[in-house]
Each structure stands twice: as C-alpha cells, then as structure tokens.
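What follows is each chain in one-letter form.
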Amino acid sequence: MTLFQSLPTDIHDRILQFVDGLDTLIAAMLTCKSTYVAYHKHQNFIRLCALFNFIGPNALDAALRSVKIYKYMPTHHEPEPGQPGRPFVHVVKTDFSEAAMIAQTVSDDEFKLLAHLARVCNELEVLYSRWHKDRLTDRTSLLTASERDNFRCSIYRLWLLSLYTGPTSIVQEHFKTVEQRAELFYNDYTPQEVYNLHSVIDWMHEVVRQCELPDGRTQNSYHLQCIVAGPETVLNIYTRPDKSRKYLEGITLRRLNASTGDAWRSDLQYVFKKRHLLGPSETEARIPDSIAPMVATAAVPVLTCWKCGEHPGARVWNEDNWNYAPLSLRLESLVHWLPGALKNNTFERPLFLHFLGVPDPMAREQRGHARRKKQDAVKDLVKTIPGLTVSRVLRALCKLPPHEQDILDVDSLPLEPDDFEGIKCTDLLCETCLGEMVTSRLWILWLKEKERAAPSEAEKGNCWFGIDCRLQSFKPDHASFYNHACRNTWPERKARKLADEEVAAVRAAEGNVVGSLVPAPSVSTVTA
C-alpha cells in the first residue's frame, strides 16, 4: 500500500479512468489519499470514463443517442408548410444517428441522466440473467460479454422507442402503422438487433404479466404497454408489483391505433420479410435460421417440472430460489390464492391477513358488537408470525400433512391426497403447477394454524358449501358462526338425499304391490 500511495498523481488519475462503475469508483477513490486527490483533480472526466466503461463501447452510442434525443425533443418545433427548417424525423435520422454520437460531448444534465439509465439497465440485466441464465443469480449478471452488449443496447433503444410513442412525444402520430414504424425506427437496426428488441419486449411483458393475481379478472396483455411505458416502468413494477395497475393505468394506446396491449406483435415478421429473410407469401410466424437467440441455448439448463414435466427449459422453482418466486406470490397477495369465495370471507379474511402480518385493504368496521368481540378474541389467539416470508410459506405447504377428519362425523369428508402428495422442497415446479399447489394447500395450512391457535374454531360446525359458500362474503353472521375453510359437501349431501329418496320410493312401491296382492274380505264375513 505504501508503494501504491507513492505513485504520482497522474498514475492514480489513469487508474481511476479504468473503473467500470460509479459505485466502484467511489470505493476506489477512498482507497488512499493519493487516489482521493487525483479524483477531485479531474472529477468530471473520471466520472465520465467510469460511466462509459460501465455502459460498454457497443452500447454507448445507443445510450448517448437516447439521452440526446430526450433532451432535444422538447426544444424542437416542426416547420410550417413552406417555411425553412427540417422535420423532427429528418433531424434524428442525420444529426442524432448512433453513428453521429462518436464526437458528441456530454453535459452535466446528460451525464446525470446517463448515470440513472445505467443503474436501471444494470438492475434489469440482473433480472434478465436470473430469468434466463441461472435461477440463483442474486445481484450479479451471468450474461456473457456479447449477451450483455445485446441486452444493454436493446434497453437503451427501447427507452428511445418509449420516448417516440409516449404521451409527450411529438412524433407519436408517425407510429400508427408498421410501415411507419419500420421507416422511423426499425430501419436503423439490423434484423438481429430488431429480434433482440422484441425478445426483451416479450421478457418485459412476462415480468408484468406475473403481477396478475388469480382473482378472476380478465388477463390483459401488456405487450404494447411495456413499449410505451419504457424499461424503467417495468423495473418499478417488478420492485412494487402491488402497484402494477397504477403504473400502467395512464398508458393510453388510442393515438397509436391500438385498442389492446397485444398490438405490434407482427412487426418482427414484417421486418424479416422486408429484409428478405422470409418469403413474402409465408403466413406462419417463425424465426429465420440466420437469427440467433440473445441467450445461448447451451447455457440454459434443461429443467423440467416435477408435476407436469411438459416444459423443459422453462423457468422453475424450488427452495433454492423461492425468494424470487413469481411476482403474483407475495405476502399481500396470498389471500387471493385461497380457493372459492374464502378469499372474501368477512370473518376468515381479516384473520388470515392478520396471521400474515398484512393490512387488509378491504377492512371495514364490523357493525355487530358480539361478532366484532368474537373476531377480536380469535385475533388475540392467532398471532402474527414475525418475519414471515413467501419462502417459509412454500416450505410449509410442501411439508403439509393431510388434515385429520373426524371419522365419526358422517358429514365430514376426509381430505384425500392431492395431486402434490409426496412433493419435497427440492422438487422443481413451473409457474402454473406452483400456483396450483398454493391454491390446493394454502387453505388447509390456514385451517391447521387457526385451529392450533384457537381451539374454539375447531368446535364450529362446517358450512355445507364450505369454500364455495356464496353467503360468506356478505353475511358476516353466517361467516363467523360456521367454518368455511372446508370442502363443499353439498354435492355429496344432495346425492345421498336423492339416493335415500329413491330407496324410500322403491320401498313404498314394494309396499303398494304387496298390499294389492292381499285379498279383500267378503261382505258376509264383515256382516258376521
């Protein structure tokens, strides 16, 4: 360290210029007094070098172009017909092309914006790596150098596309048709780069789609919303999935001639045909052989789901990566995974959320004093588990034994082994099967925990309709008097009732037949 400190300031200055990140630069600057002095002597230039090293030489032009156009767009005024001046489209095609970014200088405001976008891009890259390269990726990307460049270029170009199509854009009207989009945007890139763009768009769509809850609502497609909103909004949605609808509610697509978020999916095939990679008469969507995937196939482990086994290579989960479970599986959303109408039970829902330590957004004051007193008494017994996580819940579901039923109660149906009998925490499940396991077992886990903490709950009678009871969501007295964390026994009761009625009818018919075979007494016998 003494030898390092004795180096000239110019050497320390040169060393700091090779740092590849702002956070790393701060740590390097605080290494010793000599590096601290060298940093403050040429602070702006060293920070710029560190930022450019972090972005990478291949993605730098795309990043600079996006920032330059972002700063230029509010200052541009379209020339009136017959007046001198160049339209915005011509300006960005010449003055702000990626090739023209080599000799551009960077202002302080542009540097701050570049640093912000670089952080967003880095966090998205980690998510993308975890999604495609390695299930256990934490805060480090495992993408190769070429994969990293392709991803980062795509993120900066998609941010530029969101500027073009956003509500404040001055050229949004020029993106209504695929021919316009090809002329203004796609033609700037090779077919491989366009394919990379749409691969990242599909991934962003998948991130947002996972925020949807199993609440019976119509599943929307967020393909175009992700384009207009931009990569930073997708990162915000991943960070706060409970606010996904709020982030996207202001995204309107009417000015783009798109009524659904599923639009623009055919753009990729249009580009391939225009670049003669596909025949003009081909109608089936396919990727040409000359187009390579963004992530090398050999680097993706072939993993199959324990239950269905039909999705080799798809994203799967076990205890190793439950901390990164699908975004729809969150503590505040677990109540939506309760089956039937149990999720809206006016008595069970507040207790379940209290058990999880999650505030109830549908909470309201109970009118009945006796009912409120009873619920408060149970809530005092069912304690909130401190530090509860989705990973702990999933582990408990995998280790859940069958619920014991009273064999003397003829109305109580035994819980037979479900489709996940024998599953272990180390077994892999795809997104669909993981959700099915949560739905089929979460209410049983809640029933066990509730009865263990409050034995009085085990003494309540079961509602005939159980989790499917339609009264539990708007009849508080009925919801609190009966247990609804049970199966629907009405079909069996109805079948048994019909069987008893058939037996009674047969016996009655047999009695009538026997009665008709007995001879009636004669008149003389009656008279005598």
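Note that the structure is a prediction, hence the values are computed from the model and not measured.

Some remarks on the overall build of the chain
At step 1: Looking only at helices and strands, the chain has 23 helices and 2 strands in total.
At step 2: Surface summary for the chain: the accessible area is close to 28,200 Å², and the carbon and sulfur share equals 55%.

Re the pattern of salt bridges
At step 1: Using the criterion set out here, one finds 25 salt bridges in the structure.
At step 2: Between Lys-450 and Glu-457 there is a salt bridge; the shortest N-O distance is 3.6 Å.
At step 3: Given the relative accessible area of 0%, Lys-450 is considered buried.
At step 4: Judged by its relative accessible area of 2%, Glu-457 is buried.

Section: the confidence of the model for the chain
At step 1: Averaged over the chain, the pLDDT score is 84; the fraction of residues at 70 or greater is 88%.
At step 2: Overall, residues 405–410 carries pLDDT values under 50, and its contacts beyond four positions in sequence, including any with other chains, amount to 6 contacts.
At step 3: This model gives residues 523–528 a pLDDT under 50, and the stretch forms 1 contact once residues within four places in sequence are excluded.

Remarks on the environment of Arg-209
At step 1: Structurally, the position occupied by Arg-209 is in helix α11 (residues 191–209).
At step 2: The partly exposed category is assigned to Arg-209, whose relative accessible area is 25%.
At step 3: In the structure, Arg-209 is positioned 35 residues away from Ser-244 in sequence and 9.5 Å away in space, judged by C-alpha atoms.
At step 4: Residues within four places of Arg-209 in sequence aside, it is in contact with Tyr-222 and Glu-431.
At step 5: Among the polar contacts made by the side chain of Arg-209, one reaches the side chain of Glu-206 at a distance of 2.6 Å.

Quick notes on helix α4 (residues 33–41)
At step 1: Buried within α4 are the following residues: Ser-34, Thr-35, Ala-38 and Tyr-39. The arc enclosing the buried residues of α4, seen along the axis, measures out at 135°, which places them on a common side. What points out from α4, more than 90 degrees from its buried face, is the exposed set Lys-33 and Lys-41.
At step 2: The elements touched by buried residues of α4 are α1 (2–5), α2 (9–16), α3 (22–29) and α5 (43–55).

A closer look at the environment of Asn-58
At step 1: Secondary-structure assignment places Asn-58 in helix α6 (residues 57–72).
At step 2: Along the sequence, Asn-58 and Arg-148 sit 90 residues apart, while their C-alpha atoms lie 9.8 Å from each other.
At step 3: Apart from residues lying up to four places away in sequence, Asn-58 is in contact with Asp-149 and Cys-153.
At step 4: Engagement of the side chain of Asn-58 in a polar contact is seen with the side chain of Asp-149, the distance being 2.7 Å.

Here we look at the environment of Pro-386
At step 1: Note on placement: Pro-386 falls in the loop between α17 (369–381) and α18 (390–398).
At step 2: Residues Pro-386 and Leu-356 lie 30 residues apart in sequence; the distance between their C-alpha atoms is 8.5 Å.

Some words on helix α19 (residues 431–453)
At step 1: An ideal rise of 1.5 Å per residue puts 33 Å on 23 residues; α19 measures up with 32 Å between its terminal C-alpha atoms.
At step 2: The sharpest bend along α19 comes to roughly 35°, located at Arg-441.

Considering the nonpolar core
At step 1: Ranked by size, the top nonpolar core spans 91 residues in total, and within it Ile-55, Phe-151, Tyr-156, Tyr-164, Phe-175 and Trp-203 carry the most contacts.
At step 2: Per-element tally for this core: the top contributor is helix α8 (residues 108–132), with 12 residues.
At step 3: When we break this core down by domain, the ones giving at least three residues each are domain 1 (1–55) and domain 2 (91–275).
At step 4: With residues near it in sequence (within four places) discarded, Phe-151 still touches Cys-121, Leu-124, Glu-125, Tyr-128, Leu-143, Val-200, Trp-203 and Met-294.
At step 5: Leu-329, Leu-334, Leu-442 and Ile-444 belong to the second largest nonpolar core, which has 47 residues in total.

Examining the side chain of Glu-98
At step 1: By the secondary structure assignment, Glu-98 is in the loop between α7 (88–94) and α8.
At step 2: Overall, the relative accessible area of 18% leaves Glu-98 in the buried class.
At step 3: Excluding residues within four positions of it along the chain, Glu-98 makes contact with Asp-61, Ala-62, Arg-65, Arg-157 and Tyr-189.

Concerning the packing of helix α9 (residues 145–165) against α11
At step 1: One way to put it is that α9 packs onto α11 with a least axis distance of 9 Å and a crossing angle of 80°. By the angle class used here, α9 and α11 are roughly perpendicular. Residues Asn-150, Phe-151, Ser-154, Ile-155, Arg-157 and Leu-158 of α9 form the contact with α11, whose own contacting residues are Glu-193, Asn-196, Leu-197, Val-200, Ile-201, Trp-203 and Met-204.
At step 2: Split into classes, the residues belonging to the contact of α9 with α11 amount to 8 nonpolar, 3 polar and 2 charged.

Section: the packing of aromatic side chains
Each pair of aromatic rings is reported with the distance of its centres and the angle of its planes.
At step 1: Counted under the stated rule, the structure contains 17 aromatic pairs.
At step 2: Chaining the aromatic ring pairs together yields one cluster made of Tyr-72, Phe-88, Phe-96, Tyr-164, Phe-175, Phe-185, Tyr-186 and Tyr-189.
At step 3: The cationic tip of Arg-152 hangs over the ring face of Phe-54; the distance from NZ or CZ to the ring centre is 4.9 Å.
At step 4: Over the ring of Trp-131 we find Arg-315; its NZ or CZ atom is 4.2 Å from the centre of that ring.

Side note on the packing of α11 against helix α13 (residues 231–239)
At step 1: As a packed pair, α11 and α13 sit with axes 9 Å apart at the nearest point and diverge in direction by 30°. Accordingly, the angle class assigned to the pair α11 and α13 is roughly parallel. Crossing of α11 against α13: the hand is left-handed. Of the residues in α13, those touching α11 at Met-204, Val-207 and Val-208 are Pro-231, Val-234, Ile-237 and Tyr-238.

A look at a nonpolar patch on the surface
At step 1: A cluster of nonpolar side chains, Ile-26, Leu-30, Tyr-36 and Val-37, forms an exposed patch at the surface whose accessible area comes to about 380 Å².
At step 2: What makes Val-37 partly exposed here is its relative accessible area of 43%.

Reading the values: rules and limits
Residues numbered from 1 in each chain as written. Predicted model: local features only at pLDDT ≥ 70, side-chain atom pairs only at ≥ 80, totals over all residues. Heavy atoms only, no water. Helix = DSSP H or I, 4+ residues; strand = E, 2+ residues; numbered from the N terminus. Areas by Shrake-Rupley, 256 points an atom, 1.4 Å probe, with all protein chains shown as cover. Salt bridge = Lys/Arg side-chain N within 4 Å of Asp/Glu carboxyl O. Buried < 20%, exposed > 50% of the residue type's maximum accessible area, 1.4 Å probe, protein only. pLDDT = per-residue confidence, 0-100. Contact = heavy atoms within 4.5 Å. Polar contact = N/O pair within 3.5 Å; in protein donor to acceptor, adjacent residues only side chain to side chain. Arc of directions from axis to C-beta. Expected span 1.5 Å × (residues − 1). Bend = angle between axes of the 7 residues up to and from the residue. Core = buried A, V, L, I, M, F, W, Y, C linked by side-chain atoms within 4.5 Å. Domains from an automatic or database assignment. Axes fitted to C-alpha atoms, helices over the stretch in contact; angles between N-to-C directions. Parallel < 35°, antiparallel > 145°, perpendicular 65-115°, else oblique. Nonpolar A, V, L, I, M, F, W, Y, C, P; charged D, E, K, R; others polar. Phe/Tyr/Trp six-rings, centres within 6.5 Å; stacked < 30°, edge-to-face > 60°. Lys NZ or Arg CZ within 6 Å of the ring centre and 35° of its normal. Left-handed = near helix turned anticlockwise from the far one by under 90°. Patch = residues over 30% accessible without salt bridge, like charges linked within 9 Å, V, L, I, M, F, W, Y side chains within 5 Å.

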